[in-house]
Amino acid sequence: MMEMTLLKDIKQYTKEWKASLRDRLNGQAATIYIIQIGDNEASNRYVRNKIKDCEEVGIEAICIKLPAEVTTEDVQEVMVKNYMADPEAAMMVQLPVPAHIDLDKVIAAIPEKGDVDGMKPLSKFKPCTPLGIMKYLEHCEYDLPGKNVTIIGRSDIVGKPLAQMMTDADATVTLCHSKTKSLWLHVETADLIVSAVGKRGILNCYAIHKPVIDVGINFDENGKLCGDCINTEGRDVTPVPGGVGLLTRCALLENIVRMVEER
Ligand code: NAP
């Protein structure tokens with residue numbers, strides 16, 4: 001018997017989450033600077049969404065869009081100037097950045113207490129996608145202790161921090177990647193699967209009767225947004241779009257409100 005646990009309405013959940021954040025903020029001033037480098041179409045869309053989300057909760061979001069040719073030093077200078085002008089504000093860098101930019105140096109210029117995207121190695125804020133997933137599992141009353149979780153993808157922003165957070169929540173985590181042999185074996189023995197690869201079809205859910213959190217963002221042959229999973233009909237798989245992306249967006253707001261509460 002399939003355990004149907006993840007098919008709650010994520011849109012409704014994030015609506016309620018935002019309403020509670022607005023209540024928690026209660027009119028207190030909150031600002032985030034979003035540093036965007038270049039004119040990537042997907043980044044433009046993500047930034048627009050972030051600004052809209054912030055407005056809904058009562059947070060001021062200011063995008064500082066720098067030309068693609070800017071140097072790492074120029075970016076750092078802009079960030080430091082902003083920090084000096086508004087030390088209480090949050091700051092994040094919209095990814096991806098152009099290849100010539102030294103991302104580590106740019107991340108180093110993010111003020112510690114304003115690192116609401118959890119980009120710095122020892123940030124006190126959790127990275128937004130894993131945080132959003134953990135909050136959603138909590139909302140679903142998914143019982144993690146003792147569960148076998150297979151995470152596919154070991155990036156620093158999703159797979160690795162999520163593995164840490166789930167381990168801390170007493171799950172037994174297997175972290176898979178491109179060198180993993182017999183991936184299906186780890187999928188087969190899991191109670192819960194997370195796919196964060198970015199390859200459509202990495203999981204064929206036709207034969208998978210387990211809950212799956214689909215983090216992947218891909219485009220199908222018709223240019224339509226889709227996740228890593230295929231054959232999801234009737235399966236317990238979070239949707240793409242309308243799934244983890246919404247949770248990630250809310251988790252950023254959660255971190256900004258936490259920053260305000262702790263200052
Ligand atoms: P990433 O840096 O793109 O890395 C992909 C990971 O997948 C790597 O760990 C890679 O292994 C692994 N991988 C590649 N091919 C594989 C295979 N055949 N079998 C098993 N593992 C394989 O990861 P990311 O930044 O976490 O992004 C992953 C996906 O999630 C992307 O589609 C991204 O757009 C999406 N994403 C969505 C959100 C959201 O809010 N919805 C947020 C973040 C990311 P190696 O380490 O061995 O190379």
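Coordinates for the structure precede this section.
Residues numbered from 1 in each chain as written. Predicted model: local features only at pLDDT ≥ 70, side-chain atom pairs only at ≥ 80, totals over all residues. Heavy atoms only, no water.

> So what exactly am I meant to see when it comes to the packing of aromatic side chains here?
One pair of aromatic rings is described through two measures. These are the centre distance and the angle between the planes. Here the structure, examined in full by the defined rule, presents two aromatic pairs. Centroid distance tyrosine 13 to tryptophan 17: 5.5 Å. Interplanar angle 35°. Geometry classified as tilted. Here tyrosine 13 and its partner tryptophan 17 are both found in helix H1 (residues 10-25), four residues apart, which amounts to about one turn of the helix. Of the two residues, tyrosine 13 and tryptophan 17, neither departs from the other in class, the shared state being buried. Their ring planes at 50° and their centres at 5.7 Å tell us that tyrosine 13 and tyrosine 136 sit as a pair that is tilted. You can see tyrosine 13 sitting in helix H1 and its partner tyrosine 136 sitting in helix H5 (residues 128-139), a full 123 residues away along the chain. Side by side, tyrosine 13 and tyrosine 136 carry an identical accessibility label, which is buried. Taken together, the ring pairs in this structure connect Tyr13, Trp17 and Tyr136 into an aromatic cluster. Across the ring face of tyrosine 142, the terminal group of lysine 147 is positioned such that the distance to the ring centre comes to 4.7 Å. (Phe/Tyr/Trp six-rings, centres within 6.5 Å; stacked < 30°, edge-to-face > 60°. Helix = DSSP H or I, 4+ residues; strand = E, 2+ residues; numbered from the N terminus. Buried < 20%, exposed > 50% of the residue type's maximum accessible area, 1.4 Å probe, protein only. Lys NZ or Arg CZ within 6 Å of the ring centre and 35° of its normal.)

> Is there a simple way to think about a nonpolar patch on the surface in this case?
On the surface, Tyr46, Ile217 and Phe219 cluster together into a nonpolar patch covering about 290 Å² of accessible area. On the secondary structure map, isoleucine 217 appears in the loop between strand E8 (212-214) and strand E9 (218-219). Residue isoleucine 217 is classed as partly exposed on the basis of its relative accessible area of 46%. (Patch = residues over 30% accessible without salt bridge, like charges linked within 9 Å, V, L, I, M, F, W, Y side chains within 5 Å. Areas by Shrake-Rupley, 256 points an atom, 1.4 Å probe, with all protein chains shown as cover. Salt bridge = Lys/Arg side-chain N within 4 Å of Asp/Glu carboxyl O.)

> Even after reading the chapter, I still don't get the site of the ligand, so can you show me in this structure?
Around the ligand, the surrounding shell holds 20 residues, and the nearest of these are Arg154, Ser155, Ser178, Ile217 and Thr248. Here a nitrogen atom of the ligand and a backbone polar atom of histidine 177 are 3.4 Å apart. At 2.5 Å, a side-chain N or O of serine 178 approaches an oxygen atom of the ligand. Surface burial for the ligand is 71%, taken as the share of its 920 Å² of free accessible area covered by protein chains. Broken down by element, the shell around the ligand gets its largest block of residues, three residues, from helix H8 (residues 244-261). (Near = heavy atom within 4 Å. Polar contact = N/O pair within 3.5 Å; in protein donor to acceptor, adjacent residues only side chain to side chain.)

> Help me understand the nonpolar core in this model?
One broad rule of soluble globular proteins: the nonpolar side chains tend to lie buried together. Judged by nonpolar contacts, the single largest core of 51 residues is most densely connected at Ile32, Ile59, Leu137, Leu144, Met166, Leu192 and Ile213. It is H8 that provides the largest number of residues to this core, a total of eleven residues. The residues touching isoleucine 213, leaving out its near neighbours within four places in the chain, are Leu6, Ile133, Leu137, Leu192, Ile193, Val194, Ser195, Thr238 and Val244. Counting residues in each nonpolar core, the second largest holds 18 residues, with Ile37, Ile64, Met79 and Ala109 among its members. (Core = buried A, V, L, I, M, F, W, Y, C linked by side-chain atoms within 4.5 Å. Contact = heavy atoms within 4.5 Å.)

> How should the pattern of salt bridges be read in this particular structure?
Side-chain pairs of opposite charge can arise whenever the charged atoms involved come near each other. Within the structure shown, the criterion is met by 14 salt bridges. Note that arginine 24 is salt-bridged to glutamate 261, the shortest N-O span being 2.8 Å. Of this pair, arginine 24 sits in helix H1 while glutamate 261 is found in helix H8, placing the two residues 237 residues apart along the sequence. Taking relative accessible area as the criterion, arginine 24 reaches 31% and is therefore assigned partly exposed. With a relative accessible area of 40%, glutamate 261 lands in the partly exposed category. A salt bridge links lysine 65 to aspartate 39; the nearest nitrogen and oxygen atoms lie 2.7 Å apart. Residue lysine 65 is located in strand E2 (residues 60-66), and its partner aspartate 39 is located in the loop between strand E1 (31-37) and helix H2 (41-57); the two are separated by 26 residues in the primary sequence.

> Please explain the packing of H1 against H2 as it appears in this structure.
The axes of two packed helices give the description: the angle between them and the distance between them. The interhelical angle for the contact between H1 and H2, taken along N-to-C directions, is 55°, at an axis separation of 8 Å. Put simply, H1 runs oblique to H2. On H2, the residues that touch Lys18, Leu21, Arg22 and Leu25 of H1 are Asp53, Glu55, Glu56 and Val57. Residue composition of the contact of H1 with H2, grouped by class: three nonpolar, no polar and five charged. (Axes fitted to C-alpha atoms, helices over the stretch in contact; angles between N-to-C directions. Parallel < 35°, antiparallel > 145°, perpendicular 65-115°, else oblique. Nonpolar A, V, L, I, M, F, W, Y, C, P; charged D, E, K, R; others polar.)

> Just checking my understanding: could you explain the side chain of lysine 147 for this structure?
Here lysine 147 lies in the loop between H5 and strand E4 (148-152). In contact with lysine 147, other than residues within four places in its own chain, are Tyr142, Ala171, Thr172 and Asp191.

Purely geometric numbers; function is a separate question.
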